[in-house]
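Here is what each chain is made of, one letter per residue.
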Amino acid sequence: MSEVFDVVVIGAGPGGYVAAIRAAQLGLKTACIDKRNTLGGTCLNVGCMPSKALLHASELYEEAGHGFEKFGITVKGLSVDIKAMMASKDKTVGELTGGIEFLFKKNKITWIKGVASFTGRHALEVKLNDGSKQTVKAKNFIIATGSDVVSLPGIEIDEKIVVSSTGALSLTKVPAKMVVIGGGVIGLEMGSVWRRLGSEVTVIEFLDQLLPGMDGEVRKTFGRTMKKQGMTLKLSSKVTGVKTTKNGAKITYEPVKGGDAITIDADIVLMSVGRRPYTDNLGLDKTGVELDNRGRVKIDSDFSTSAAGIWAIGDVVEGPMLAHKAEDEGIACAENIAGLTGYVNHDVIPGVVYTMPEVAGVGKTEEDLQDAGIAYSVGKFPFTANSRAKANMNTEGFVKILADKVSDRILGVHIIGADAGNMIAQAATAMEFGASAEDIALTCHAHPTESEAMKEAALAVHGRTIHM
Ligand code: FAD
């Protein structure tokens, strides 16, 4: 008789591999299946980590080229070697995916390389990457198959001229002109990388501001900053077609409100209009697992699906498509399978854009609060008045705290600033503890740090900033 696992996870992204580790820690006999030959899913292979490696490298290049002089440092003969930069990024990815392999061995998780498809509620058929087939049985399955890139109707991603983020992470030379379709996080991060390396970047966005879903004031400031850095923004504009030519593409767009079509040329077009939950060829029709109207696996708050013994987490279920959200869901789901009480507070999931300056937010935006009719107070503090930001000559942006008008409980925190991604953790912790703005204001913050701007913004909620 073939072996029956306690838990089989389909997908080894941050949701799946973390769920597998937690399940194994809890003493469950665990396997994890992924069609890639390396672990870590989208995040480690073609997402968060390679993009951050290139963001860091390109930021260093830009700083050396334009940011050092103000500190009295002169750089002569600066140049960039794209091949070496890509090799360094690939090395980072290799080390990180190898790290997960080590963790799988340490936790005695069976790693199965192949494409999994349900044959019923209790079994999968896996087409192994070596060409053979294997039946895998388990008491519990976790669907952690993640997401895939989407395109606009009639526009084909060929990963040569019209690329997804995956192609944009591996270009072999700096394109003279790049058009980014979609002004969301991925488009802006990858657009920033190539602009810093020398591309002329145009972003075409349907909405009237970049970064849909983030705080309105932050979005406006961010748009101004991107323009100042040399990006061309075409907001409230709709792409109607992309025609590839011998060496590039012609992109046609028109104002959303109506008006004449405009055509521009690009060497590379980055399609970054979003991602869709990925359940292709998974055989869900044989399981009774239901999907919602957006193709996401429907789950309860404990991550169970409509089919007993089948669970789902990460990008393939509702909520923001973020690695840390997937990880936390993986832990909670494994704990629920083991009979514990795993829980994720979806009201406190931070989101970060790793441009320079960074953008970070957690909780409600002002627009959310206005729509919900919740009375709130705002405390804002600019980095121009923060001593560390001044010393670093990185004074762009601000911290904004939204607190309940009556109870002072923090409802949302939004930051645009050099260190926003690290700073938002403090806000998330405070919100998990149900902190008030006054709690942050009363907390001693080390001097000189950018995080003092958080304390000052908390003081600003009650109109008593010290340094402004
Ligand atoms: P995934 O990471 O997508 O993993 C799913 C895995 O399932 C894949 O490896 C896939 O091969 C496998 N799979 C699917 N179907 C099958 C099958 N039938 N059989 C076997 N295997 C299968 N998020 C952040 O939080 N921070 C960031 O900075 C960030 N940057 C990003 C940058 C880019 C360019 C991109 C594309 C994404 C970024 N994300 C970021 C999003 C993040 O990568 C995802 O939210 C995260 O990877 C989701 O994790 P997951 O485990 O749900 O799925």
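Refer to the structure printed above.
The sections below set out a description of the structure shown in this document. Predicted model only: the values in this text are computed from it and were never measured.

1. Comments concerning the sheet that holds strand E13 (residues 262-266)
The pairing of strands in a sheet happens through backbone hydrogen bonds and is either parallel or antiparallel.
Part 1: Read from one edge to the other, the open sheet built from three strands follows the order E11-E12-E13, with strand pairing classed as antiparallel. Two strands in the sheet have a free side with no partner beyond their single neighbour: strand E11 (237-244) and E13. Along the sheet, successive strands turn relative to each other by an average axial angle of 25 degrees, direction set aside.
Part 2: Bridge count between strand E12 (residues 249-255) and E13: five bridges; the pairing is antiparallel. Looking at E13, one finds that Lys250 is bridged to Asp265.

2. Things to note about the environment of Gly314
Part 1: Mapped onto the elements of the fold, Gly314 is located in the loop between strand E16 (310-312) and helix H8 (323-337).
Part 2: When the C-alpha positions of Gly314 and Gln134 are compared, they lie 25 Å apart, and in sequence the two are 180 residues distant.
Part 3: Once residues within four sequence positions are removed from consideration, Gly314 is found in contact with Lys325, Ala326 and Glu329.

3. Section: the packing of helix H3 (residues 48-67) against helix H6 (residues 185-196)
Part 1: At a minimum axis distance of 9 Å, the contact between H3 and H6 shows a crossing angle of 35 degrees. Both H3 and H6 take part in a crossing whose hand is left-handed. Every residue of H6 that contacts H3 at Ser51, Lys52, Leu54, Leu55, Ser58, Glu59, Tyr61 and Glu62 is listed here: Glu189, Met190, Ser192, Val193, Arg195 and Arg196.
Part 2: Split into classes, the residues belonging to the contact of H3 with H6 amount to five nonpolar, three polar and six charged.

4. Here's the deal with the site of the ligand
Part 1: Neighbouring the ligand are 39 residues; Asp34, Arg36, Thr42, Lys52 and Ala323 lie closest to it.
Part 2: A distance of 2.7 Å separates an oxygen atom of the ligand from a polar atom in the side chain of Asp34.
Part 3: Take Ala116: an N or O atom from its main chain is 2.9 Å from a nitrogen atom of the ligand.
Part 4: Burial of the ligand by the surrounding chains reaches 95%, relative to a free accessible area of 1000 Å².
Part 5: Those elements that place two or more of their residues in the shell around the ligand are helix H1 (14-25), strand E2 (30-34), helix H2 (41-46), H3, strand E3 (110-118) and H8.
Part 6: No other element matches the four residues that H2 contributes to the shell around the ligand.
Part 7: Residues belonging to the shell around the ligand are distributed by class as follows: 18 nonpolar, 15 polar and six charged.

5. As for the nonpolar core
Part 1: With 55 residues, the main nonpolar core has Val8, Phe104, Phe118, Leu124, Ile142 and Ile143 as its most contacted residues.
Part 2: Here the element with the most residues in this core is H1; it accounts for seven residues.
Part 3: When near neighbours in sequence (up to four residues on either side) are disregarded, Ile142 contacts Val7, Val8, Val9, Ile10, Ala19, Trp311, Ile313, Cys333 and Ile337.
Part 4: Listed in part, the 32 residues of the second largest apolar core include Leu169, Met190, Val193 and Leu197.

6. Examining helix H11 (residues 420-432)
Part 1: An ideal rise of 1.5 Å per residue puts 18 Å on 13 residues; H11 measures up with 18 Å between its terminal C-alpha atoms.
Part 2: By the burial criterion, the buried members of H11 are Ala420, Gly421, Met423, Ile424, Ala427, Ala428, Ala430 and Met431. Axial view of H11: buried residues confined to an arc of 160 degrees, hence all on one face.
Part 3: Buried residues belonging to H11 abut strand E17 (351-353), strand E18 (358-363), strand E20 (398-404), strand E21 (410-417), helix H12 (437-442) and helix H13 (452-461).

7. What about the packing of aromatic side chains?
Part 1: Applying the stated criterion to the full structure yields one aromatic pair.
Part 2: Relative to Phe141, the ring of Phe118 has its centre 5.3 Å away and its plane inclined at 80 degrees; by these criteria the two rings are edge-to-face. You can see Phe118 sitting in strand E3 and its partner Phe141 sitting in strand E5 (residues 133-143), a full 23 residues away along the chain.
Part 3: Since its relative accessible area comes to 1%, Phe118 is described here as buried.
Part 4: The ring of Trp111 is capped by Lys113, whose NZ or CZ atom sits 4.4 Å from the centre of that ring.
Part 5: Lying over the aromatic face of Phe398, Lys380 brings its terminal NZ or CZ to 4.5 Å of the ring centre.

Cut-off values and rules
- Residues numbered from 1 in each chain as written.
- Predicted model: local features only at pLDDT ≥ 70, side-chain atom pairs only at ≥ 80, totals over all residues.
- Heavy atoms only, no water.
- Pairing = 2+ DSSP bridges.
- Helix = DSSP H or I, 4+ residues; strand = E, 2+ residues; numbered from the N terminus.
- Axes fitted to C-alpha atoms, helices over the stretch in contact; angles between N-to-C directions.
- Contact = heavy atoms within 4.5 Å.
- Left-handed = near helix turned anticlockwise from the far one by under 90°.
- Nonpolar A, V, L, I, M, F, W, Y, C, P; charged D, E, K, R; others polar.
- Near = heavy atom within 4 Å.
- Polar contact = N/O pair within 3.5 Å; in protein donor to acceptor, adjacent residues only side chain to side chain.
- Areas by Shrake-Rupley, 256 points an atom, 1.4 Å probe, with all protein chains shown as cover.
- Core = buried A, V, L, I, M, F, W, Y, C linked by side-chain atoms within 4.5 Å.
- Buried < 20%, exposed > 50% of the residue type's maximum accessible area, 1.4 Å probe, protein only.
- Expected span 1.5 Å × (residues − 1).
- Arc of directions from axis to C-beta.
- Phe/Tyr/Trp six-rings, centres within 6.5 Å; stacked < 30°, edge-to-face > 60°.
- Lys NZ or Arg CZ within 6 Å of the ring centre and 35° of its normal.

Remember that the coordinates give geometry; whether it matters functionally is a separate question.
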